[in-house]
Amino acid sequence: MSAQLAAYSTSTGEAFQFWVLGTVAVIGALATVFMKRAVHSALSLAGTMIILAIFYLANGAYFLGIVQIVVYTGAIMMLFLFVVMLVGVTAADSLKETIKGQRWLALLCGLGFGVLLLAGIGNASLKDFNGLGEANANGNVEGLAALIFTKYVFAFEITGALLITAAVGAMVLTHRERTERAKTQRELSEQRVREGKHMPPLPAPGVYARHNAVDIAGLLPDGTPSELTVSKTLRERGQIRDVSAEALNDLRALEQRAEERLERTPIDPANLKRAEEASK
Amino acid sequence: MNPVNYLYLAALLFTIGATGVLIRRNAIVVFMCIELMLNACNLAFVTFSRMHGNLDGQIIAFFTMVVAAAEVVVGLAIIVSLFRSRHSASVDDASLMKL
Amino acid sequence: MENLIALLVAAPLLGAAVLLCGGRRLDAVGQWIGTVLAGASFVIGVVLFADMLGKDAEHRILIQHLWTWIPVESFQADVTFRLDQLSMTFVLLITGVGSLIHLYSVGYMEHDERRRRFFGYLNLFLAAMLLLVLADNYLLLYVGWEGVGLASYLLIGFWQHKPSAATAAKKAFLVNRVGDMGLSIAIMLMFTTFGTFAFGPVFSHVGETGEGKLTAIGLMLLLAACGKSAQVPLQSWLGDAMEGPTPVSALIHAATMVTAGVYLIVRSGAIFNAAPDAQLAVTVVGAVTLLFGAIVGCAKDDIKKALAGSTMSQIGYMVLAAGLGPIGYVFAIMHLVTHGFFKAGLFLGAGSVMHGMNDEVDMRKYGGLRKYMPVTFITFGLGYLAIIGFPGLSGFFSKDKIIEAAFAKGGTEGWILGGAALLGAAITAFYMTRVMLMTFFGEERWRNQPTRSPEAASAEPAAEHHGEHAEPHPHESPKVMTIPMIVLAVGSVFGGAFFSIGDRFLHWLEPITGHSEGNSPLSAATVTGGTMVCLLIGVGIAYAMYGRRPVPSVAPRGSLLTRAARRDLLQDDFNHVVLVRGGEHLTRSLVYVDHTLVDGVVNGTAASVGGLSGRMRKLQNGFARSYAVSMFGGAAILVAATLLMRAV
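Bear in mind the structure is a predicted one, so any value in this text is a computation, not a measurement.

A few words now on the overall build of chain B. Across its full length, chain B carries three helices and zero strands. Along chain B, helices and strands appear, N-terminal first, in the series α-α-α. For chain B, buried positions account for 72% of its 99 residues. Contacts in chain B between residues at least 24 apart in sequence constitute 57% of all its contacts with a sequence separation of at least 6. On chain B, roughly 3,000 Å² of surface is accessible, and the fraction owed to carbon and sulfur atoms is 71%.

We now examine the overall build of chain C. When helices and strands are tallied, chain C shows 26 helices and two strands. Scored against the burial criterion, the 648 residues of chain C give a buried share of 53%. Counted over contacts in chain C with a minimum sequence separation of 6, partners at least 24 positions apart contribute 81%. Surface summary for chain C: the accessible area is close to 26,700 Å², and the carbon and sulfur share equals 67%.

Here the focus is helix α23 (residues 524-547) of chain C. Residue and element names in this part refer to chain C. Over its 24 residues, α23 runs 32 Å from end to end, which matches the ideal 34 Å to within 8%, given 1.5 Å per residue. For α23, the full list of buried residues reads Val527, Thr531, Met532, Cys534, Leu535, Gly538, Ala542 and Tyr546. Close packing links the buried residues of α23 with α16 (374-388), α17 (394-408) and α18 (411-440).

What follows deals with the interface of chain C and chain B. Counting residues at the interface gives 10 residues for chain C and 14 residues for chain B. A combined buried area of about 1,100 Å² lies between chain C and chain B, and 66% of that area is made up of carbon and sulfur atoms. Per-residue buried area on chain C facing chain B is highest for Phe623, Arg625 and Phe632 of chain C; these three make up 53% of the total on that side. Scanning the region where chain C abuts chain B turns up zero salt bridges. Inspection of the chain C/chain B interface yields two residue pairs in polar contact (both at pLDDT 80 or more). With five residues, the single largest contributor to the side of chain C that touches chain B is helix α26 (residues 624-647) of chain C.

Attention now moves to the side chain of Ser477 of chain C. Residues and elements named next belong to chain C. One can find Ser477 in the loop between α20 (460-465) and α21 (479-500). A polar side-chain atom of Ser477 sits 2.7 Å from a polar atom in the side chain of Ser352. Not counting residues up to four positions away in its chain, the partners in contact with Ser477 are Ser352, His355 and Thr482.

Attention shifts here to the interface of chain B and chain A. Often, the extent of an interface is quoted as the loss of accessible area on bringing the components together. Counting residues at the interface gives 68 residues for chain B and 89 residues for chain A. Summed over both partners, the interface of chain B with chain A buries about 7,100 Å², with 74% contributed by carbon and sulfur atoms. For the chain B face of the interface with chain A, the top three residues by lost area are Met1, Met32 and Arg50 of chain B, together amounting to 11%. For the pair chain B and chain A, the interface holds two salt bridges. Between Glu14 of chain A and Arg50 of chain B there is a salt bridge whose closest N-O contact spans 3.2 Å. There are 13 residue pairs in polar contact (both at pLDDT 80 or more) connecting chain B and chain A. For the side of chain B that touches chain A, the secondary structure elements donating two or more residues are α1 (4-23), α2 (27-52) and α3 (56-86) of chain B. A per-element tally of the side of chain B that touches chain A places α3 of chain B first, with 23 residues. In terms of residue class, the side of chain B that touches chain A is made up of 45 nonpolar, 16 polar and seven charged.

Residues and elements named next belong to chain C. In this structure, Leu134, Leu221 and Trp237 are the most contacted members of the largest nonpolar core, which totals 190 residues. For this core, the element with the highest residue contribution is helix α15 (residues 326-356), accounting for 17 residues. If we ignore the near neighbours within four places in the chain, the residues touching Leu134 are Ile5, Leu8, Val9, Thr80, Phe81, Arg82, Leu83, Ser87 and Val91.

Our next topic: the pattern of salt bridges. As enumerated under the stated definition, the model contains 19 salt bridges over all chains in all. Asp56 of chain B is the salt-bridge partner of Lys151 of chain A, the closest N and O atoms lying 2.7 Å from each other. With Lys151 of chain A in the loop between α6 (140-148) and α7 (153-174) and Asp56 of chain B in helix α3, this residue pair bridges two chains. In this structure Asp56 of chain B comes out as buried when scored by relative accessible area, which is 19%. Taken together, the shared-partner salt bridges connect Arg82, Asp84, Asp136 and Arg267 of chain C into one network.

Bringing α26 of chain C into the picture now. With 24 residues, α26 of chain C ought to run about 34 Å at 1.5 Å a step, and its terminal C-alpha atoms sit 34 Å apart, in line with that. Inspection of α26 of chain C places Arg625, Ser626, Val629, Phe632, Gly633 and Ala636 of chain C among the buried residues, and these make up the whole buried set. The elements touched by buried residues of α26 of chain C are α5 (102-123) of chain A together with α1 of chain B.

Bringing unusual backbone geometry into the picture now. Residues and elements named next belong to chain C. A cis geometry characterises the amide bond from Val232 onward to Pro233, with omega recorded as 10°. Counting through the fold element by element, Pro233 comes out in the loop between α8 (211-229) and α9 (236-240). Even without glycine at this site, Met257 takes up a positive phi of about 60°. Mapped onto the fold, Met257 is located in the loop between α10 (246-255) and α11 (258-267).

Now for the pairing of strand β2 (residues 75-83) of chain C. Residues and elements named next belong to chain C. As paired strands, strand β1 (residues 62-72) and β2 are joined by nine bridges and run antiparallel to one another. Looking at β2, one finds that Thr68 is bridged to Asp78. What sits between the antiparallel neighbours β1 and β2 is a turn of two residues, in which Glu73 has the positive phi angle 45°.

What follows covers the confidence of the model for chain C. Caution applies to low-pLDDT parts of the model: their predicted coordinates are not meant to be read in detail. All names here are of chain C. With 96% of its residues at a pLDDT of 70 or more, chain C shows a mean pLDDT of 86. Mean pLDDT across the secondary structure elements of chain C bottoms out at α20, with 40, and peaks at helix α5 (residues 138-156), with 93. Here residues 451-468 is modelled with pLDDT under 50, and outside its nearest four sequence neighbours on either side it reaches nine contacts, counting other chains as well.

Moving on, we come to the packing of α5 of chain A against α1 of chain B. In contact at an axis separation of 9 Å, α5 of chain A and α1 of chain B are set at 165° when each is read in the N-to-C sense. Between α5 of chain A and α1 of chain B, the interaxial angle falls into the category roughly antiparallel. Relative to α1 of chain B, the crossing made by α5 of chain A is right-handed. Facing α5 of chain A, whose interface residues are Gln102, Arg103, Ala106, Leu107, Gly110, Phe113, Gly114, Leu117, Leu118, Ile121 and Gly122 of chain A, α1 of chain B presents Val4, Leu7, Tyr8, Ala11, Phe14, Thr15, Thr19, Leu22 and Ile23 of chain B. For the contact of α5 of chain A with α1 of chain B, a count of residues per class yields 13 nonpolar, six polar and one charged.

Further remarks concern the packing of aromatic side chains. This model, assessed by the stated rule, comprises 32 aromatic pairs over all chains. Consider the rings of Tyr138 of chain C and Phe199 of chain C, whose centres lie 4.9 Å apart with planes at 90°: the pair is edge-to-face. You can see Tyr138 of chain C sitting in helix α5 and its partner Phe199 of chain C sitting in helix α7 (residues 199-205), a full 61 residues away along the chain. Note on Tyr138 of chain C: relative accessible area 0%, which makes it buried. Each ring, one from Phe396 of chain C and one from Phe397 of chain C, has its centre 5.2 Å from the other, and the planes form 75°; the classification is edge-to-face. Residue classification places Phe396 of chain C among the buried residues on the basis of a relative accessible area of 15%. The structure contains a cluster of three or more aromatic residues connected by ring pairs, namely Phe18, Trp19 and Phe55 of chain A together with Tyr6 of chain B.

With that settled, consider the environment of Thr439 of chain C. Residues and elements named next belong to chain C. Assignment of secondary structure puts Thr439 in helix α18. Overall, Thr439 belongs to the buried group, its relative accessible area being 0%. As a C-alpha pair, Thr439 and Ile303 span 136 residues in sequence and 8.5 Å in three-dimensional space. Look past the residues within four positions of Thr439 in its chain and what remains in contact with it is Ile303, Val353, Met363, Tyr366, Gly367, Gly368 and Leu369.

Thresholds applied
Residues numbered from 1 in each chain as written. Chains lettered and ligands numbered in written order. Predicted model: local features only at pLDDT ≥ 70, side-chain atom pairs only at ≥ 80, totals over all residues. Heavy atoms only, no water. Helix = DSSP H or I, 4+ residues; strand = E, 2+ residues; numbered from the N terminus. Buried < 20%, exposed > 50% of the residue type's maximum accessible area, 1.4 Å probe, protein only. Contact = heavy atoms within 4.5 Å. Areas by Shrake-Rupley, 256 points an atom, 1.4 Å probe, with all protein chains shown as cover. Expected span 1.5 Å × (residues − 1). Buried area = accessible area lost by both parts, 1.4 Å probe. Salt bridge = Lys/Arg side-chain N within 4 Å of Asp/Glu carboxyl O. Polar contact = N/O pair within 3.5 Å; in protein donor to acceptor, adjacent residues only side chain to side chain. Nonpolar A, V, L, I, M, F, W, Y, C, P; charged D, E, K, R; others polar. Core = buried A, V, L, I, M, F, W, Y, C linked by side-chain atoms within 4.5 Å. Pairing = 2+ DSSP bridges. pLDDT = per-residue confidence, 0-100. Axes fitted to C-alpha atoms, helices over the stretch in contact; angles between N-to-C directions. Parallel < 35°, antiparallel > 145°, perpendicular 65-115°, else oblique. Left-handed = near helix turned anticlockwise from the far one by under 90°. Phe/Tyr/Trp six-rings, centres within 6.5 Å; stacked < 30°, edge-to-face > 60°.

Structure, rendered in structure tokens:
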């Protein structure tokens with residue numbers, strides 16, 4: 001089978017596989033670009049990568065196919081997902097363009113570039129296919145190993161240095177040196193008392209709201225939402241849901257329904273205001 | 001089927017990735033699009049390897065993967081620290097390089 | 001013997017250095033240091049003169065090479081002194097008259113706080129002038145030339161607290177610069193033409209050079225001479241230079257400065273002889289100036305300015321003579337020497353009068369002074385007789401020869417030049433008689449002058465305090481001032497006769513300047529007779545106008561010519577209209593061109609670059625994605641180019 005796969009002519013099975021999976025890969029790629037939520041993009045990309053791994057296998061690159069699955073989809077994409085979670089899984093991006101003309105320019109450039117690439121490939125005389133039968137004769141991994149440790153040994157060593165540098169760099173970038181001891185619970189509560197604000201625990205979210213959820217700000221007596229009631233992380237991500245208007249709308253709808261039931265004319269707001277002033 | 005089709009697919013994926021880089025604002029998605037472009041290149045390398053009947057193309061793809069891994073590590077670290085300081089992962093928010 | 005030449009220059013230069021660097025310690029004795037060093041220079045000059053007299057005419061040229069100043073390939077400038085009969089004459093005149101003026105200044109500047117500095121400048125003036133006449137090449141001469149200009153600037157503006165003095169100094173300096181320009185151009189021309197500027201080689205190469213070049217050099221030298229000698233058209237500084245102390249005027253007019261131009265022309269005689277056009281220009285300048293100065297001198301009421309006009313006129317005679325060629329060189333120098341005596345005497349006399357009259361310079365406020373200052377009167381009177389050419393006195397001999405030589409020029413030119421010189425002699429007689437009569441004869445107009453401040457007159461003690469405004473008390477000057485005047489008067493009386501009898505001066509200078517007898521259309525006796533007639537007419541008119549009638553204290557309005565002459569024949573107005581206004585217009589138009597064209601191009605470039613940048617700046621919006629689009633587009637273009645190249 002391996003000899004067959006690596007041969008010049010491709011089998012009908014491979015053609016079928018290419019067309020089906022190729023379509024899926026393109027859809028995955030497009031989804032990566034156009035999905036609103038980063039987590040969806042990441043999943044689409046992971047799918048595309050797995051399909052690419054299958055294509056590697058089909059092209060006789062067995063080692064790379066496996067590595068693609070293990071390293072890319074297994075490790076790198078998971079890293080992406082971690083970061084996505086750190087930034088906010090549910091945060092949806094607006095796809096509305098803010099830079100004037102950017103989208104059209106980008107599409108134009110993309111289209112032009114794509115056409116040029118395809119034309120370039122079409123123009124190239126790619127008629128001779130040698131197939132990997134000979135090269136993979138002693139096994140793909142052995143062949144690669146022979147090349148890596150002979151011809152490409154310097155590049156290989158340098159990649160090692162690069163990986164170490166990258167690891168150190170990532171640590172340096174994300175590491176924050178703590179310059180003072182972390183405050184204990186006791187010290188924090190003492191500080192709160194000394195400063196005289198928020199002496200009791202912060203108000204719980206969802207208070208005065210009909211929903212009881214952590215991302216809904218509790219309403220103050222005058223109906224405005226209080227940001228204090230929502231966790232700091234959500235506040236910073238801008239993931240607070242404001243339902244204060246919802247409640248008023250619901251109330252208005254309820255009143256309207258009651259009035260319809262009682263067949264009354266709605267109260268003129270102007271009259272109401274005057275009555276209020278008179279009562280004062 | 002002619003294996004050249006793999007190259008066409010690679011070109012298509014590369015273009016999609018590049019366009020994505022240009023039109024998305026979320027740094028993480030931009031980064032994913034870059035990964036997509038790298039993968040498209042890898043597909044092309046693997047196909048070239050098959051065309052020429054030697055393993056050099058696969059070696060290059062292998063090195064690309066290694067470099068991509070390193071790049072992801074550093075890139076994500078940058079995104080994390082950026083998010084930490086600016087509370088946003090939008091590349092447009094970091095538009096300080098102007099007068 | 002030639003080693004002494006450098007000492008001639010070194011002595012006054014040392015004096016200048018000591019006095020100017022010495023500080024206040026020398027304030028008390030400064031004037032004597034200056035005078036002694038000037039006198040030392042004179043003594044050295046006399047020693048050298050005696051030595052020279054003992055030699056044959058052929059061996060009288062002494063050369064002293066000190067060092068090579070600028071050794072650059074073919075450009076060799078040496079510091080070399082040349083003492084020949086011409087230089088010797090000047091050395092004796094400069095140091096002799098200069099020393100007397102130094103001595104006189106000791107008395108004249110007695111009350112001036114800054115007199116140490118004054119004597120330093122005087123010494124510097126002498127040193128520069130000696131360097132000028134002793135130099136053996138034009139470049140070294142130029143150093144002295146500039147030194148004279150500097151010293152004159154410092155001395156004319158010596159009373160720098162007076163704005164008029166400061167302005168006059170600047171004016172003299174600036175006008176002199178124009179002439180200096182001519183000299184420097186002449187030196188450059190000489191270097192390109194002859195490859196050298198040493199006197200000997202230049203004069204020996206004259207014969208092989210085209211007349212055009214020589215005429216150019218000659219005209220440039222004439223321009224230089226005009227600047228230094230106050231000849232038309234560069235004469236305007238001389239009158240204002242009277243702002244300096246009177247000894248300075250005497251020094252400038254008699255011994256140094258104005259004689260430099262005549263020296264330059266006579267010294268460059270070889271060049272002028274070969275360039276008749278330049279010579280003609282010299283004679284024209286001389287003739288015009290001698291009339292110009294004489295007319296100005298007639299109208300001035302300021303005694304010093306009247307004398308200044310006279311100087312201009314007399315230098316005009318010398319330049320005229322120098323322009324006549326070998327006929328005139330000797331007489332130019334002779335007149336220069338005699339003029340040096342009587343003009344110095346006249347100026348010192350004028351200074352003495354001013355000294356006794358509270359520094360009053362207006363002759364209309366003099367009158368009848370002969371009783372009060374007899375020595376001044378006699379010396380001034382002898383100088384007066386000498387300058388108008390009274391028979392037997394020095395001016396008679398020298399001026400008469402020049403008029404004769406002018407007629408000897410021949411043809412129409414000869415008649416015109418000779419006529420101008422004759423007319424000049426008549427006018428000279430007129431204005432000098434006028435000065436004489438207004439100063440020493442007539443009523444005592446200085447009595448009962450209206451005091452300048454009535455309050456001061458009414459309050460008796462205050463009048464003492466405001467001594468300067470009170471009625472002057474004319475008195476004779478101290479001996480230190482009168483002795484130089486007496487010496488100079490003696491020179492004025494006997495100098496001409498001493499030089500002329502037996503043609504002593506002619507034989508003395510002939511080896512250097514050469515001499516030729518002209519064919520005068522008039523006999524010498526006729527010329528002398530004509531001169532006498534002119535003299536009598538001039539004196540007669542002056543006596544009729546100023547001797548028989550009282551002189552009004554306030555100048556009458558006068559005729560158009562008088563008014564023009566009072567304004568120096570409109571020389572300043574001419575300069576103002578033609579040069580200053582013209583310069584202003586030129587500058588304004590240049591500024592306009594600069595603003596519109598030059599700045600326009602520069603500003604336009606800047607503005608267009610700025611505008612372009614302003615537009616380009618919008619591309620720089622800080623969004624990484626925009627930059628990425630540019631990169632991506634660039635990559636696309638590169639791919640397209642690659643494909644295109646493959647296709648081609």
